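Now for the letters of each chain:
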Amino acid sequence: MMEKSRRSFLKVAGIAAIGLGASPALNFAASDSHGLAALKGKKEEALKAHRWGMAINTGEISPEINTQIIEACHSAHNIPDFNHEPDEEKYPDTRPVNHKQEIKWIWEEKYNYAFPDKEDEFLAEKFHHLPFLVTCNHCKNAPCVQACPTQATFKRKDGIVIMDYHRCIGCRFCMAACPYGSRSFNFRDPRPFIAETDSAFPTRSKGVVEKCNLCAERLAKGEAPHCVEASEGTIIFGDLEDPDSDIRILLRENFAIRRNEALGTEPSVYYIV
Amino acid sequence: MNKNVIVIGLIVFVLLVLSPFWFNMITTTEAAPEPELLGRAKKAEQCVLEKYDMRANHMSLLDEWRDSVVRDTNRLYTAANGHVFEMSLSTGEQSCLGCHEDESKFCDSCHTYASTSPYCWECHTNPKEIK
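Residues numbered from 1 in each chain as written. Chains lettered and ligands numbered in written order. Predicted model: local features only at pLDDT ≥ 70, side-chain atom pairs only at ≥ 80, totals over all residues.

(A) Region of the structure containing the overall build of chain B. Per the secondary structure count, chain B includes six helices and two strands. Reading the secondary structure of chain B in the N-to-C direction produces α-α-α-α-β-β-α-α. A compact globule built from 131 residues would reach a C-alpha radius of gyration of about 14 Å, whereas chain B, at 23 Å, exceeds it by more than 25%. Once the C-alpha set of chain B is aligned to its principal axes, its extents read approximately 75 × 35 × 30 Å. Counting only residues that meet the buried cut, chain B has 15% of its 131 residues in that class. Contacts spanning at least 24 positions in sequence make up 46% of the contacts within chain B whose residues lie at least 6 apart. (Helix = DSSP H or I, 4+ residues; strand = E, 2+ residues; numbered from the N terminus. Rg over C-alpha atoms; globule rule 2.2 N^0.38 Å. Buried ≥ 20, exposed ≤ 12 C-beta atoms within 10 Å, placed from the backbone. Contact = placed C-beta atoms within 7 Å.)

Following this line, the structure appears as structure tokens:
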């Protein structure tokens with residue numbers, strides 16, 4: 001029998017352990033080197049900006065245009081309408097609707113709710129009746145982004161505050177953080193309440209928060225957001241960081257207000273009054 | 001005397017330990033279903049990745065695609081084989097379902113077999129199913 005000291009045994013065992021560890025590492029390195037030459041890129045026609053913004057011309061916009069805009073946005077993004085009667089066959093036993101749980105991306109608001117900080121005893125009469133179109137402000141200092149514990153809500157390089165619904169855990173911190181009420185929570189499966197599902201955009205599922213995404217899916221194709229397209233020229237959108245953009249020229253020449261500016265969130269949606 | 005008891009005990013032990021194998025020998029198991037290629041997918045020579053790579057890694061690829069689309073705004077994927085794909089599950093001709101028409105035969109057959117239930121379709125929609 002061969003004599004083995006503890007020392008020599010440990011040496012051999014150590015070398016063997018290195019060998020075992022080395023082979024997967026070498027395999028990994030080898031598989032990387034023959035490499036994937038896969039590339040990711042944008043479409044040529046994609047719209048680019050440093051910070052997207054919108055200006056709503058409240059003098060020209062009308063309730064009819066508002067309805068048109070809301071309809072265009074909500075149908076394209078598969079937003080459920082809880083007034084829609086669910087299909088009994090497809091969705092049997094749908095429990096009754098709680099209208100407080102409505103979901104909205106863009107909607108009409110009265111002046112005193114949209115601009116509570118600008119309330120005035122002697123406010124010009126017309127502002128009491130104007131319905132203001134409100135949506136996510138895509139704030140420069142978005143509080144929802146800071147509140148989100150999973151980075152499901154984040155700020156894109158082009159200024160859009162957007163959500164990755166896959167990552168949303170439904171904690172609703174963002175809803176508490178947003179001073180504009182721009183976010184809605186899916187308390188229930190939205191599908192029974194979508195009259196016509198648009199296959200170009202996913203629906204959401206129960207348990208996630210959702211909000212306006214400034215039509216990121218359309219910007220990627222070189223198209224303007226739905227609201228801008230349906231607005232008949234009353235909503236102008238463009239790059240706020242570019243001094244020569246349409247929106248900047250408009251803001252230079254007109255007086256515009258933003259919602260709750262005192263909070264320092266720096267909204268990117270302007271209201272020309 | 002003791003020796004016999006130990007040997008019998010060992011045999012019984014081995015039989016019991018290997019019982020899953022005996023069980024499989026006497027029962028028949030279903031073969032793993034092959035994903036069925038239909039329509040455009042059948043005509044196309046190659047998918048995004050090699051067949052075996054795709055089989056093993058499609059979930060990480062989809063994960064990577066999602067981050068790319070949502071976070072980096074990159075929506076086009078030029079595969080190693082030169083084909084350009086839309087990084088999307090179901091929108092457009094160049095998306096996954098654009099080629100693999102029948103989700104139940106392409107995705108679900110294997111997922112059911114492997115007893116995994118990814119929740120892609122809770123949100124994503126199959127354009128062919130919306131009527």
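(B) Summary view of the overall build of chain A. Broken down by element type, chain A carries nine helices and eleven strands. Principal-axis analysis of the C-alpha atoms places the extent of chain A at approximately 105 × 55 × 40 Å. Each of the 273 residues in chain A was classed as buried or not, and the buried ones make up 32%. Here the contacts in chain A between residues at least 6 apart in sequence split such that 70% fall between residues at least 24 apart.

(C) Region of interest: the nonpolar core. Residues and elements named next belong to chain A. Counting 56 residues, the largest nonpolar core has I56 and I106 as its most contacted members. Among the elements that take part in this core, strand β2 (residues 52-57) stands out by supplying four residues, more than any other. Those residues in contact with I56 that sit more than four places away from it in its chain are I61, L133, T234, I235, V269, Y271 and I272. (Core = buried A, V, L, I, M, F, W, Y, C linked by C-beta atoms within 7 Å.)

(D) Helix α2 (residues 63-76) of chain A, seen in detail. Residues and elements named next belong to chain A. Taking 1.5 Å per residue as the helical rise, α2 with its 14 residues ought to reach 20 Å, and the 20 Å between its terminal C-alpha atoms agrees with that figure. Listed as buried for α2 are N66, I69, I70 and C73. All buried residues of α2 project into a common sector of 95 degrees when viewed along the axis, lining one side. Residues of α2 that are exposed and point more than 90 degrees away from the buried face comprise E64 and E71. Following α2 by one or two positions, N78 has its phi on the positive side, about 55 degrees. (Expected span 1.5 Å × (residues − 1). Arc of directions from axis to C-beta.)

(E) Broad picture of the sheet that holds strand β10 (residues 256-257) of chain A. All names here are of chain A. If you walk across this open sheet you meet the four strands as β9-β2-β11-β10, and the pairing is mixed. Strand pairing shows two members of the sheet lacking a second neighbour, β9 (235-239) and β10, which therefore form its edges. Strand direction decides the pairing type here: β2 and strand β11 (residues 269-272), joined by four bridges, are parallel. Note on β11: the bridge partner recorded for A55 is Y270. Packed onto the sheet, helix α9 (residues 246-253) meets β2, β9, β10 and β11 and runs at close to 115 degrees relative to β9. (Pairing = 2+ DSSP bridges. Axes fitted to C-alpha atoms, helices over the stretch in contact; angles between N-to-C directions.)

(F) Summary view of unusual backbone geometry. Residue and element names in this part refer to chain A. Of note in the backbone geometry, N78 takes a positive phi value of approximately 55 degrees without being a glycine. By secondary structure assignment, the location of N78 is in the loop between α2 and β3 (106-109). According to the C-beta neighbour criterion, N78 is buried, with 24 such atoms within 10 Å. One non-glycine residue, C215, lies in positive phi territory at about 50 degrees.

(G) Representation of the interface of chain A and chain B within the structure. At the junction of the two partners, chain A supplies 21 residues and chain B supplies 19 residues. The element contributing the most residues to the side of chain A that touches chain B is strand β1 (residues 39-41) of chain A, with three residues. By the bridge criterion, three bridges tie β1(A) to strand β1 (residues 76-78) of chain B in an arrangement that is antiparallel. Note on β1(B): the bridge partner recorded for A:K40 is B:Y77.

Keep in mind these numbers describe shape, not what the thing actually does.
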